[in-house]
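Structural overview for review
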Amino acid sequence: MRTAHDVVVIGLGGMGSAAAWSLAARSLAGRSLRVLGLEQFGPAHDRGSSHGGSRIIRHAYFEDPAYVPLVLRAHELWEAVEREAGRRLLWPTGGLMVGRPDGPLVAGSRHSARRWDLPHEILDAREIRARFPVFAPRRDEVGLFEARAGIVAPEAAVTAHLELAAKAGADLRFGCRVLRWEALPGGEGVRVVTSEGDHHAGHAVICPGAWAPDLLANLGVPFTVERQVQFWFSPRGGTSPYTRLPIFIWEDESGERFYGVPPHAGSPDGVKVAFYRRTDVCTADAVDRVVRQDEVDAIARHVESRVPTLPGTFLRATTCLYTNTPDRHFVIATHPDHPQVTVACGFSGHGFKFVPVVAEILTDLVTTGRTPHPIALFDPRRDFRPPP
Ligand SMILES: Cc1cc2nc3c(=O)[nH]c(=O)nc-3n(C[C@H](O)[C@H](O)[C@H](O)COP(=O)(O)OP(=O)(O)OC[C@H]3O[C@@H](n4cnc5c(N)ncnc54)[C@H](O)[C@@H]3O)c2cc1C
């Protein structure tokens with residue numbers, strides 16, 4: 001069977017847009033790869049997981065120190081994408097993780113910072129108040145500060161990757177929904193059935209975000225899709241003290257976490273806040289995109305307990321989707337049953353900062369069947385256990 005493309009990338013959101021560029025820019029056997037990208041919506045849309053003006057990038061990684069070498073490489077690659085695209089994508093604001101010293105957020109961040117020798121400072125409650133007067137930590141709360149943490153702009157990043165991919169020769173199609181795919185026997189590649197006709201390619205890279213339960217049911221990973229809300233507030237007394245704030249994540253005594261992102265040139269209106277995961281199970285196609293007043297009231301009350309002037313005036317809110325695995329670790333691998341299919345999904349609400357390194361890993365897997373990056377944690381056949 002004739003294959004018009006070497007690789008088809010299914011889903012051109014955060015991961016797929018970067019993979020399309022990375023693959024189109026990689027040459028194999030003396031020629032560049034012919035890449036086809038398929039996306040059901042438009043470029044840099046707001047119906048998946050990669051929108052809302054900002055994403056946090058931090059190096060000290062409480063979820064697991066195994067992510068640190070990946071985020072360090074991702075940071076390097078983000079800077080390279082900025083140079084290549086001639087667009088600003090990163091805002092290094094610094095980052096503060098606040099909570100009890102023995103809570104998972106602070107203790108885990110500290111453990112990973114020490115394990116990888118990351119520059120950081122531990123501030124007690126008095127020092128936090130002195131340095132960032134809008135914060136009101138409890139006496140028993142401390143903060144881990146890292147200067148290199150900051151913001152990545154998701155829509156700008158997706159746009160930059162799509163532009164670079166197109167410039168490198170990738171054929172990108174929007175408004176094209178993949179209905180199903182089939183790995184053909186005997187090394188014949190992959191057949192993709194879409195709303196706009198069929199395609200054949202030697203290899204498929206599937207990055208479906210919250211549509212993983214539809215397109216990757218055969219992986220056998222028990223994904224849960226969750227509706228999450230991002231809120232913007234204009235603080236009482238104006239935004240100006242907030243423009244110098246670091247990004248922050250705050251964990252209270254019950255273990256509930258919320259995070260905040262200061263206004264920045266890529267998203268200047270108001271301070272963004274959200275709970276770091278609240279369970280509200282949905283499906284990607286049937287999610288309720290209306291944000292209720294009681295949700296606005298709940299986040300405002302919660303934020304006010306630690307950042308008293310922040311709730312101020314509510315500006316707007318938007319929903320976004322998490323695609324969780326039971327242990328909250330990603331899935332990045334060659335498909336266990338189909339060597340001509342590579343998958344990246346289950347980013348569990350913390351994937352965006354890794355976008356360019358995930359693209360590098362996918363390109364390695366497609367072109368050589370392996371990668372020097374440590375991805376054992378992301379094996380779809382692992383024994384999934386809920387996080388401690
Ligand atoms: C509120 C919120 C806050 C977050 N904050 C952070 C943060 O601060 N830091 C961080 O690192 N991460 C954060 N994340 C997580 C991060 O944004 C995601 O992990 C990441 O965006 C996932 O990218 P993706 O490519 O898997 O999904 P997406 O960007 O959603 O891309 C998947 C794409 O596949 C397309 N697609 C799916 N099915 C089909 C089909 N059948 N046919 C054609 N196209 C299809 C979709 O339309 C979509 O464009 C946050 C997520 C949310 C929702």
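Residues numbered from 1 in each chain as written. Predicted model: local features only at pLDDT ≥ 70, side-chain atom pairs only at ≥ 80, totals over all residues. Heavy atoms only, no water.

As recorded in an unreviewed UniProt entry, the protein chain goes by Sarcosine oxidase and comes from Streptoalloteichus tenebrarius. Of the comments in the UniProt record for the protein chain, the one headed Cofactor (unreviewed entry) reads "FAD". (UniProt positions renumbered as here; feature names shortened; annotations may be inferred.)

Notes on the environment of R26
When you line up the elements, R26 lands in the loop between α1 (14-25) and β2 (27-28). Overall, the relative accessible area of 26% leaves R26 in the partly exposed class. Sequence separation between R26 and T368 is 342 residues, and the spatial gap between their C-alpha atoms is 12 Å. Beyond its immediate sequence surroundings of up to four residues, R26 is in contact with S32, L33, E360, T363, D364 and T367. (Helix = DSSP H or I, 4+ residues; strand = E, 2+ residues; numbered from the N terminus. Buried < 20%, exposed > 50% of the residue type's maximum accessible area, 1.4 Å probe, protein only. Contact = heavy atoms within 4.5 Å.)

Some points on the sheet that holds strand β10 (residues 150-152)
The antiparallel open sheet is built from three strands, whose spatial order is β5-β10-β6. Both outer strands of the open sheet, β5 (55-57) and β6 (90-91), are each paired with one neighbouring strand and no more. In the sheet, β6 pairs with β10 via two bridges, with the strands oriented antiparallel. Paired with L90 across the bridge in β10 is V152. (Pairing = 2+ DSSP bridges.)

Describing the packing of helix α2 (residues 68-85) against helix α5 (residues 154-167)
Contact geometry for α2 and α5: axes closest at 10 Å, N-to-C directions at 60°. With respect to α5, the element α2 is oriented oblique. In the packing of α2 onto α5, the handedness of the crossing is left-handed. On the side of α2, the interface is formed by W78, V81, E84 and A85, while α5 contributes A157, A160, H161 and L164. (Axes fitted to C-alpha atoms, helices over the stretch in contact; angles between N-to-C directions. Parallel < 35°, antiparallel > 145°, perpendicular 65-115°, else oblique. Left-handed = near helix turned anticlockwise from the far one by under 90°.)

Quick look at the pattern of salt bridges
Tallied over the entire structure, the rule returns 27 salt bridges. Note that E253 and R306 form a salt bridge whose closest N and O atoms lie 3.1 Å from each other. With E253 in the loop between β16 (247-251) and β17 (257-261) and R306 in the loop between α7 (293-304) and β20 (313-324), the pair connects residues that are 53 residues apart, well separated along the chain. With relative accessibility at 49%, the residue E253 sits in the partly exposed group. R306 sits in the buried class, given a relative accessible area of 3%. (Salt bridge = Lys/Arg side-chain N within 4 Å of Asp/Glu carboxyl O.)

Details of the site of the ligand
Among the 33 residues in the neighbourhood of the ligand, the closest are listed as E39, H45, S50, I56 and C320. One of the side-chain N or O atoms of S50 is found 2.4 Å from an oxygen atom in the ligand. R55 places a side-chain nitrogen or oxygen 2.8 Å from an oxygen atom of the ligand. Surface burial for the ligand is 97%, taken as the share of its 1000 Å² of free accessible area covered by protein chains. Considering each element in turn, the shell around the ligand owes the most residues, three residues, to β20. Looking at the shell around the ligand residue by residue, the classes come out as 16 nonpolar, 13 polar and four charged. (Near = heavy atom within 4 Å. Polar contact = N/O pair within 3.5 Å; in protein donor to acceptor, adjacent residues only side chain to side chain. Areas by Shrake-Rupley, 256 points an atom, 1.4 Å probe, with all protein chains shown as cover. Nonpolar A, V, L, I, M, F, W, Y, C, P; charged D, E, K, R; others polar.)

Some points on the nonpolar core
One finds L23, W78 and F354 to be the most contacted residues of the largest nonpolar core, which totals 71 residues. In terms of residue count, helix α8 (residues 355-368) provides more of this core than any other element does, eight residues in total. Look past the residues within four positions of L23 in its chain and what remains in contact with it is V7, V9, L33, V35, V205, T363 and V366. (Core = buried A, V, L, I, M, F, W, Y, C linked by side-chain atoms within 4.5 Å.)

Overview of the packing of α1 against α8
Between two packed helices, both the angle of their axes relative to each other and the distance between the axes serve to describe the pair. In the contact formed by α1 and α8, the axes pass within 8 Å of each other and the chain directions differ by 50°. The angle between the axes of α1 and α8 places the two elements in the oblique class. In terms of crossing hand, the pair formed by α1 and α8 is right-handed. Between α1, through G14, M15, A18, A19, S22 and L23, and α8, the contact on the second element is made entirely by V355, V358, A359, E360, L362, T363 and V366.

Observations concerning the environment of A183
Within the fold, A183 resides in strand β12 (residues 178-183). Linking A183 and W211, residues 28 residues apart in sequence, is a C-alpha distance of 19 Å. Here A183 is in contact with G189, H338 and Q340, once residues within four sequence places are set aside.

Describing the state of the cysteines
Per the counting criterion, the structure on display carries zero disulfides. No disulfide involves C176; its nearest neighbouring cysteine sulfur is the one of C207, lying 15 Å away. For C176, a relative accessible area of 3% puts it in the buried group. The structure places no disulfide on C207, whose sulfur is separated from the nearest cysteine sulfur, that of C345, by 8.5 Å. When its relative accessible area of 7% is taken as the criterion, C207 is described as buried. (Disulfide = S-S within 2.5 Å.)

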